[in-house]
Amino acid sequence: QVHLVESGGGVVQSGGSLRLSCAASGLTFNAYRMGWFRQAPGKEREFVETMSASGSSTSYADSVGGRFSISRDKAKTTVYLQMNSLNPEDTAVYYCAAGRWRAGTNSGDYAYWGQGTQVTVSS
């Protein structure tokens, strides 16, 4: 059974940083594209950043620009999201997801999802 478990969320002051982790099990980790999405109260889930299965390419949403950075540790089957220069608009539940190599920026492209971790940024 596939499990994705996020951790690392919390409360941080505006301008601060957090690193989220997503531990994956039950899948061939290096065969899946990994992505991060977020959902704020009353809003739709939105794409944040993704990395190819090989780790050779990444893409990120305009809303986060270059402030966030995705990485993956194949030995630990864990994907990370380093978040810098956080602002209150980044407050949301953050989810990691796994999809096949064709997966892109749409949530429907991803087959497996974690339970989410809350990130709250105070002004």
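All of these numbers come straight from a predicted model, not from anything done at the bench. (Residues numbered from 1 in each chain as written. Predicted model: local features only at pLDDT ≥ 70, side-chain atom pairs only at ≥ 80, totals over all residues. Heavy atoms only, no water.)

1. Concerning the overall build of the protein chain
If you tally the helices and strands in the protein chain, you get zero helices and eleven strands. Its helices and strands taken in sequence order, the protein chain reads β-β-β-β-β-β-β-β-β-β-β from the N to the C terminus. Since a compact globule built from 123 residues should have a radius of gyration of about 14 Å, the 13 Å found for the protein chain is in line with a globular shape. Dimensions along the principal axes, computed over C-alpha positions, put the protein chain at roughly 40 × 25 × 25 Å. Here the protein chain, with 123 residues, has 44% of them falling under the buried criterion. In the protein chain, 57% of the contacts between residues at least 6 apart in sequence involve partners at least 24 apart. Each charge class in the protein chain can be summarised by its mean position, and for the 11 positive and 9 negative side chains these summaries are 8 Å apart. (Helix = DSSP H or I, 4+ residues; strand = E, 2+ residues; numbered from the N terminus. Rg over C-alpha atoms; globule rule 2.2 N^0.38 Å. Buried < 20%, exposed > 50% of the residue type's maximum accessible area, 1.4 Å probe, protein only. Contact = heavy atoms within 4.5 Å. Lys, Arg positive; Asp, Glu negative; His and termini not counted. Charge placed at Lys NZ, Arg CZ, Asp CG, Glu CD.)

2. Structural notes on the nonpolar core
One finds Leu4, Trp36, Phe68, Leu81, Met83 and Tyr94 to be the most contacted residues of the largest nonpolar core, which totals 27 residues. At the level of elements, strand S3 (18-25), strand S4 (33-39), strand S5 (46-51), strand S7 (68-73), strand S8 (78-83), strand S9 (92-99) and strand S11 (117-122) are the ones that each hand at least two residues to this core. Those residues within four positions of Met83 in sequence are excluded, and the remaining contacts are Gly16, Ser17, Leu18, Leu20, Arg67, Phe68, Tyr94 and Val119. Judged by nonpolar contacts, the second largest core, of six residues, contains Phe47, Ala97, Ala103 and Tyr110. (Core = buried A, V, L, I, M, F, W, Y, C linked by side-chain atoms within 4.5 Å.)

3. Regarding the sheet that holds strand S1 (residues 3-7)
Within the open sheet, the four strands sit side by side as S1-S3-S8-S7. Their pairing is antiparallel. At either end of the open sheet lies a strand with only one pairing partner, and these are S1 and S7. Neighbouring strand axes in the sheet, compared pairwise and without regard to direction, differ in orientation by 15 degrees on average. One ladder, built from six bridges, connects S7 with S8; its direction is antiparallel. Along S8, the bridge assignment pairs Phe68 with Met83. (Pairing = 2+ DSSP bridges. Axes fitted to C-alpha atoms, helices over the stretch in contact; angles between N-to-C directions.)

4. What to know about the environment of Gln13
Its place among the elements puts Gln13 in strand S2 (residues 10-13). In the structure, Gln13 is positioned 32 residues away from Arg45 in sequence and 23 Å away in space, judged by C-alpha atoms. Setting aside residues up to four positions removed in sequence, Gln13 forms contacts with Val121 and Ser122.

5. With respect to the packing of aromatic side chains
Aromatic ring pairs are described here by two measures, namely the spacing of the ring centres and the angle between the planes. Scanning the entire structure with this criterion turns up five aromatic pairs. Taken together, a centroid distance of 6.1 Å and an interplanar angle of 65 degrees make the contact between Tyr32 and Tyr112 edge-to-face. Taken together, the residues Tyr32 in the loop between S3 and S4 and Tyr112 in strand S10 (residues 112-113) connect sequence positions 80 residues apart. On the numbers, 5.8 Å between centres and 70 degrees between planes, the contact of Phe37 with Phe47 is edge-to-face. (Phe/Tyr/Trp six-rings, centres within 6.5 Å; stacked < 30°, edge-to-face > 60°.)

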